[in-house]
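Summary of the model geometry
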Amino acid sequence: MRAAGAVLLVAHLLIVGWLTLRPRTVPWVPAANFRPLATIRAELAHGPWEAVQNLGGPVLLLAPLGILLPITAGRLNVSPLGSLARTVFTGAMVSLSIELFQAGVPGRVPDVDMVLLNTAGVALAHLLVVPGFRSRLRRRDDLPARPAPTMTRVDIAPQADALSGSRTYL
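A quick note: this is a predicted structure, and the numbers were derived from the prediction, not measured. (Residues numbered from 1 in each chain as written. Predicted model: local features only at pLDDT ≥ 70, side-chain atom pairs only at ≥ 80, totals over all residues. Heavy atoms only, no water.)

Examining the layout of surface pockets
There is about 570 Å³ of room inside the largest pocket. Around the largest pocket, the lining is made up of 21 residues, and of these Arg24, Gln102, Arg108, Val109 and Met114 lie nearest the centre. Every element with two or more residues in the lining of the largest pocket is listed here: helix H1 (2-21), helix H3 (48-61), helix H5 (80-102) and helix H6 (112-142). At three residues, the largest contribution of residues to the lining of the largest pocket is made by H5. Along the lines of polarity and charge, the residues of the lining of the largest pocket split into twelve nonpolar, five polar and four charged. If you add up the space inside the second largest pocket, you get close to 180 Å³. What lines the second largest pocket is a set of 13 residues, among which Met1, Gly74, Leu76, Phe133 and Leu137 lie closest to the centre. Counting residues per element, the ones that place at least two in the lining of the second largest pocket are helix H4 (65-73) and H6. Examining the composition of the lining of the second largest pocket, we find that five residues originate from one element, H6, more than from any other. (1 Å grid on protein atoms, 1.4 Å probe; cavity = no way out; pocket = protein on both sides within 12 Å on 5 of 7 lines; lining within 4 Å. Points joined across faces, edges and corners; volume = space filled by probe spheres on them. Helix = DSSP H or I, 4+ residues; strand = E, 2+ residues; numbered from the N terminus. Nonpolar A, V, L, I, M, F, W, Y, C, P; charged D, E, K, R; others polar.)

What to know about the packing of aromatic side chains
Inspection of the entire model under this criterion finds zero aromatic pairs. The ring of Trp18 carries the charged tip of Arg22 above its face, separated from the ring centre by 4.1 Å. (Phe/Tyr/Trp six-rings, centres within 6.5 Å; stacked < 30°, edge-to-face > 60°. Lys NZ or Arg CZ within 6 Å of the ring centre and 35° of its normal.)

Topic: the packing of H1 against H4
Two numbers describe how H1 lies on H4: the axes approach to 8 Å, and their chain directions differ by 145°. You can see that H1 and H4 cross each other, and the crossing is left-handed. Contacts between H1 and H4 involve Arg2, Gly5, Ala6, Leu8, Leu9, His12 and Leu13 on the former and, on the latter, Leu65, Leu68, Leu69, Ile71, Thr72 and Ala73. Classifying every residue of the contact of H1 with H4 gives nine nonpolar, three polar and one charged. (Axes fitted to C-alpha atoms, helices over the stretch in contact; angles between N-to-C directions. Left-handed = near helix turned anticlockwise from the far one by under 90°. Contact = heavy atoms within 4.5 Å.)

Section: the side chain of Arg134
Following the sequence through the fold, Arg134 ends up in helix H6. Its relative accessible area of 9% is what places Arg134 among the buried residues. Looking at Arg134, its side chain comes within polar contact range of the side chain of Ser83, at 2.9 Å. Setting aside residues up to four positions removed in sequence, Arg134 forms contacts with Pro70, Arg75, Leu76, Val78 and Ser83. (Buried < 20%, exposed > 50% of the residue type's maximum accessible area, 1.4 Å probe, protein only. Polar contact = N/O pair within 3.5 Å; in protein donor to acceptor, adjacent residues only side chain to side chain.)

Remarks on the packing of helix H2 (residues 38-45) against H6
Contact pair H2 / H6: the axes reach a minimum separation of 7 Å and the direction vectors enclose 80°. On the basis of their axis angle, the class for H2 and H6 is roughly perpendicular. Where H2 approaches H6, its residues Ala38, Thr39 and Ile40 are matched on the opposing element by Asp113, Met114 and Leu117. Grouping the constituent residues of the contact of H2 with H6 by class yields four nonpolar, one polar and one charged. (Parallel < 35°, antiparallel > 145°, perpendicular 65-115°, else oblique.)

Notes on the nonpolar core
Leu9, Val16, Leu62, Leu65, Leu68, Ile98 and Val122 together form the largest nonpolar core, which totals seven residues. When contributions to this core are tallied by element, the ones reaching two or more residues are H1 and H4. Setting aside its immediate chain neighbours within four residues, Leu68 contacts Gly5, Leu8, Leu9 and His12. Within the second largest apolar cluster, five residues are counted, among which are Ile40, Ala51, Met114 and Leu117. (Core = buried A, V, L, I, M, F, W, Y, C linked by side-chain atoms within 4.5 Å.)

Here's what the structure looks like:
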């Protein structure tokens, strides 16, 4: 399961990198946003439906990291709070790295609110999936193993019977 998680994690990060770091040709770009919650407030001012449409993408973009990072770690007996903290920190650092790299890509601008939204998506996915998944795996490991089938002792047949098929030729 760890190997599959690692492969999915690398594939997801490659897709996210392709989506977020390729240059765009646009006639103009807005200024970079370094004020927390400014973009979120502006989107909420347009109405709730538009806010959900425009802010849902950043929340969902890195949300799979909230599940794939703990799977890749492969630990079942770990503190839920510690696991959440490690996963959210890693998700925040990945999001911050993407935003910093976007500063050098034509047509892309860094936005601190995207870091907040991406991190919230990682935390939400982790909280919704990982504790239940881990408890199910722990219960599966705690089940008593089925006893091995037992067989009655079979003695070795006498040599004359085994070789001649119960016939004697002497």
